[in-house]
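# Observations on the three-dimensional arrangement
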Amino acid sequence: QVQLVESGGGLVQAGGSLRLSCAASGRTFSSYTMGWFRQAPGKEREFVAAIKWNSRFTYYADLVKGRFTISRDNAKNTVYLQMNSLKSEDTAVYYCAAEVDDWGTRSSGDYDYWGQGTQVTVSS
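What this report covers is the structure whose coordinates are included nearby.

### Brief notes about the overall build of the protein
For the protein, the helix and strand inventory stands at zero helices and 11 strands. Ordered by position in the sequence, the α and β elements of the protein form the string β-β-β-β-β-β-β-β-β-β-β. The C-alpha atoms of the protein give a radius of gyration of 13 Å, which matches the 14 Å a tight globule of 124 residues would have. Projected onto its principal axes, the C-alpha positions of the protein cover 40 × 25 × 25 Å. Long-range contacts, defined as pairs at least 24 residues apart, comprise 57% of the intrachain contacts of the protein with a sequence gap of at least 6. Within the structure as shown, the protein displays about 6,700 Å² of accessible surface, and the carbon and sulfur contribution to it stands at 45%. If the 13 positive side-chain charges of the protein are averaged to one point and the 12 negative ones to another, these points end up 7 Å apart.

### Overview of the state of the cysteines
For the structure shown, the criterion picks out one disulfide. Each disulfide pairs two cysteine sulfurs, and for cysteine 22 the partner residue is cysteine 96, the sulfurs being separated by 2.0 Å. Looking along the S-S bond of the cysteine 22-cysteine 96 disulfide, the torsion reads about -80 degrees, which is the left-handed sense. With cysteine 22 in strand β3 (residues 18-24) and cysteine 96 in strand β9 (residues 92-99), the pair connects residues that are 74 residues apart, well separated along the chain. Neither cysteine 22 nor cysteine 96 differs from the other in exposure class; each is buried.

### Let's talk about the pairing of strand β5 (residues 46-51)
Burial analysis of β5 places five of its six residues in the buried class, the great majority of the element. Linking strand β4 (residues 33-39) back to β5 in an antiparallel pair, the connection comprises six residues, with glycine 42 at a positive phi of about 75 degrees. The turn joining β5 and strand β6 (residues 58-60), which pair antiparallel and follow one another in sequence, is formed by six residues; a positive phi near 65 degrees is taken by serine 55.

### Notes on the pairing of strand β8 (residues 78-83)
The side chains of a regular strand alternate between both faces of the sheet. Counting buried positions along β8 gives five out of six residues, so the element sits mostly inside the fold. Sheet topology note: the β3/β8 ladder contains six bridges and is antiparallel. Bridging across to β8, alanine 23 finds its partner in threonine 78. Pairing analysis gives six bridges linking strand β7 (residues 68-73) to β8, with the strands arranged antiparallel. Counted as the bridge partner of arginine 72 is valine 79 from β8.

Rules behind the numbers
- Residues numbered from 1 in each chain as written.
- Predicted model: local features only at pLDDT ≥ 70, side-chain atom pairs only at ≥ 80, totals over all residues.
- Heavy atoms only, no water.
- Helix = DSSP H or I, 4+ residues; strand = E, 2+ residues; numbered from the N terminus.
- Rg over C-alpha atoms; globule rule 2.2 N^0.38 Å.
- Contact = heavy atoms within 4.5 Å.
- Areas by Shrake-Rupley, 256 points an atom, 1.4 Å probe, with all protein chains shown as cover.
- Lys, Arg positive; Asp, Glu negative; His and termini not counted.
- Charge placed at Lys NZ, Arg CZ, Asp CG, Glu CD.
- Disulfide = S-S within 2.5 Å.
- Buried < 20%, exposed > 50% of the residue type's maximum accessible area, 1.4 Å probe, protein only.
- Pairing = 2+ DSSP bridges.

Here it is in structure tokens:
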């Protein structure tokens, strides 16, 4: 019943910025841990960033730390991923995910609901 819809992907030049949004349905959004994952062609899905329900704790993959920022607006049922200083290596389909049990953060298996993904292409 939970629906996650990503938006904001597109084509951007290396060094540019992009902000992804994930709109969530459901009345319990405020209790979810929200995460972003990505999957490049021929590669496994990898963790990008996550944020706890109250925004007190955020988590980042080493490769994006300092460049990406995750945030959320519970009143809008939306989580964001601000991506700066983009590199060609960031090219991937980006997925929004929601975790309801708060037992994990960085593994795709920790999450219960997924969006369909949005393509981010960084030209080099």
